[in-house]
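One letter stands for each residue in the lines below.
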Amino acid sequence: MTRIPRRQSRRRTTSRIELWLGQRDNVRIRPGRVLAARARIASGHYDRDEVKDFLVDALLLELQRH
């Protein structure tokens, strides 16, 4: 009878996002969305006046909700 060795569990490394937010909060973060946001930042999307206005309005609405 040969013994089959058990596969050792790999040690999970902690990502930078987990270090910054904590491990339990990262379940809401989707890597694809992060990459898309980084691409918009790099292209200067958020420097446009209409985008800045939209973001300020959205921020004010969110602050009013809390």
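Residues numbered from 1 in each chain as written. Predicted model: local features only at pLDDT ≥ 70, side-chain atom pairs only at ≥ 80, totals over all residues. Heavy atoms only, no water.

Colleague: Sorry if this is basic, but what is going on with the overall build of the chain here?
Modeller: Looking only at helices and strands, the chain features three helices and zero strands. Seen in sequence order, the chain has helices and strands lined up from the N terminus as α-α-α. Burial statistics for the chain: of 66 residues in total, 5% are counted as buried. Carbon and sulfur atoms make up 54% of the accessible area of the chain, which amounts to about 7,200 Å² in all. (Helix = DSSP H or I, 4+ residues; strand = E, 2+ residues; numbered from the N terminus. Buried < 20%, exposed > 50% of the residue type's maximum accessible area, 1.4 Å probe, protein only. Areas by Shrake-Rupley, 256 points an atom, 1.4 Å probe, with all protein chains shown as cover.)

Colleague: Quick question: what am I supposed to make of the confidence of the model for the chain here?
Modeller: A low pLDDT score tells you not to read the predicted coordinates there in detail. Mean pLDDT over the chain stands at 81; residues scoring 70 or higher make up 65%. Across the chain, helix α3 (residues 49-65) holds the top mean pLDDT of 94, while helix α1 (residues 16-21) sits lowest at 68. (pLDDT = per-residue confidence, 0-100.)

Colleague: Any chance you could explain the pattern of salt bridges here in plain terms?
Modeller: All chains considered together, the criterion is met by two salt bridges. The shortest N-O distance in the salt bridge between Arg48 and Glu50 comes to 2.9 Å. The class for Glu50 is partly exposed, based on a relative accessible area of 49%. A salt bridge links Arg65 to Glu62, with the nearest nitrogen and oxygen atoms 3.1 Å apart. Linking Arg65 with Glu62, this pair stays in helix α3, spanning three residues, or about one helical turn. In this structure Arg65 comes out as exposed when scored by relative accessible area, which is 63%. (Salt bridge = Lys/Arg side-chain N within 4 Å of Asp/Glu carboxyl O.)

Colleague: Teacher, can you tell me more about helix α2 (residues 31-43) here?
Modeller: Residue pairs spaced three or four apart in an α-helix point in one direction, given the helix's 3.6 residues per turn. With 13 residues, α2 should cover 18 Å at 1.5 Å per step; its first-to-last C-alpha distance of 18 Å lies within 8% of that length. Of all 13 residues in α2, zero are buried; the element is thus mostly exposed. Positive backbone phi, approximately 85°, marks Gly44, located one or two places after α2. (Expected span 1.5 Å × (residues − 1).)

Colleague: Looking at this model, I keep getting lost on a nonpolar patch on the surface. Mind explaining?
Modeller: Together, Val56, Leu59, Leu60 and Leu63 line one region of the surface with nonpolar side chains, adding up to about 390 Å² of accessible area. Mapped onto the elements of the fold, Leu63 is located in helix α3. (Patch = residues over 30% accessible without salt bridge, like charges linked within 9 Å, V, L, I, M, F, W, Y side chains within 5 Å.)

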